[in-house]
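# Results of the structural survey
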Amino acid sequence: MGFWTTFYAIAFYLATLFLVIGLAYRIFQYAKTPAPLKVPTMSAPLTLWGVVIRILSEVVLFKSLFRSNKWIWLFGMLFHGALWIVLLRHLRYFIEPVWTWVVLLQPFGKYGSFIMLFGLLGLLVRRMFVERIRYISVPSDYLMLILLLVIGGSGTMMSFVSSTDIVQFKAFMLGVMYFDWQPIPTDKMLLLHLASVILLMIIFPFSKLLHAPGIFFSPSRNQIDNSREKRHVAPWAIEKFETQGS
């Protein structure tokens, strides 16, 4: 077995381990963090279904971002929408036979990479040249955007400039999944693309990109505005104060 095949196979196993365990741990932390006060931002929903609709509008449509800044919303929507199409297109490397809808999605995902890169560049330019955003930015903010640009750029290059043996690559990925390793194509652009993806998988649970699951645990978004109808007491407060008082 070649060096690159062994290296990338083991790297994918480790990156998946980091991603799954790290993500599970961070979500556990979010779930256990107390919310002692009713702090839903206005206009807040009065029912549970209202909360569900509100969170879905944030996750799918970025409603609050649209209200605050139309340009950032546009670049964010372009990036995230195209990213989903590109990710779904990549399912063909992990399933056999390939589902019909994945086959139909291929041309959209192929050209959707340009939209994804455009959205990323817009977000990077905004972070570099909008003074109030640049002031609160830290190096990791830029590194995340650059890493995503490297992933998107190298993937686009493989589609339109420097092609790779996708049949052999699929055999490699299926081999990694089923612990039956197959040789990986050694194209430099492919190796760069995979190395960037592996790095992103490792750092994702510890980065600001964790806003994806984090929004579901935001007290300002997931609380019902019923402070007058129902007293809100955090479970830890009941255990610490009310039990002692009794």
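The model shown is predicted, which means the values in this text are computed figures rather than measured ones.

It is worth spelling out the pattern of salt bridges at this point. In the structure shown here, the tally under the stated rule is three salt bridges. Arg 127 is the salt-bridge partner of Asp 141, the closest N and O atoms lying 3.5 Å from each other. Here the residue Asp 141 occupies a position in helix 7 (residues 139–160), and Arg 127 occupies one in helix 5 (residues 100–129), the gap between them amounting to 14 residues. Each member of the pair Asp 141 and Arg 127 is classed as buried.

Core analysis: the largest hydrophobic core is formed by 19 residues, its most contacted members being Leu 120 and Leu 200. Among the secondary structure elements, those contributing two or more residues to this core are helix 4 (70–89), helix 5 and helix 7. Those residues in contact with Leu 120 that sit more than four places away from it in its chain are Phe 79, Leu 145, Leu 148 and Leu 149. Counting 17 residues, the second largest nonpolar core, distinct from the first, contains Tyr 8, Ala 9, Met 158 and Met 201.

A few words now on the packing of aromatic side chains. By the definition in use, this model includes 16 aromatic pairs. Where Trp 4 meets Tyr 8, the ring centres are 6.0 Å apart and the plane angle is 45 degrees; that geometry is what we call tilted. Of the two residues, Trp 4 and Tyr 8 both sit in helix 1 (residues 3–32), four residues apart, roughly one turn of that helix. Look at Tyr 8 and you get buried, because its relative accessible area is 4%. Ring geometry for Phe 66 against Trp 73: centres 4.9 Å apart, planes inclined by 75 degrees, an arrangement best described as edge-to-face. Phe 66 gets classed as partly exposed once you look at its relative accessible area, which sits at 36%. Through successive ring pairs, a cluster of aromatic residues spans Phe 3, Trp 4, Phe 7 and Tyr 8.

What counts as what
Within every chain, residues take consecutive numbers counted from 1 along the sequence as written. Restriction of local features to residues with pLDDT of at least 70 applies here, the model being predicted, together with a cutoff of 80 or more for giving and counting side-chain atom pairs; totals for whole chains, interfaces and linings are based on all residues. Computation of side-chain values covers all heavy atoms of the structure but excludes hydrogens and water. By salt bridge we mean one thing: a side-chain nitrogen of Lys or Arg within 4 Å of a carboxyl oxygen of Asp or Glu. Going along the chain from the N terminus, every DSSP run of H or I of four or more residues is numbered as a helix, and every run of E of two or more is numbered as a strand. Buried means the residue's accessible area, taken with a 1.4 Å probe over protein chains only, is under 20% of the maximum for its type, while exposed means over 50%, and partly exposed covers the values in between. Residues enter a nonpolar core if they are buried and are Ala, Val, Leu, Ile, Met, Phe, Trp, Tyr or Cys, with the set joined through side-chain atoms within 4.5 Å. We call two residues in contact when some of their heavy atoms are within 4.5 Å. Between rings of Phe, Tyr and Trp, where Trp is taken as its six-membered ring, a pair exists when centres lie within 6.5 Å; planes separated by under 30 degrees are stacked, by over 60 edge-to-face, and by other angles tilted.

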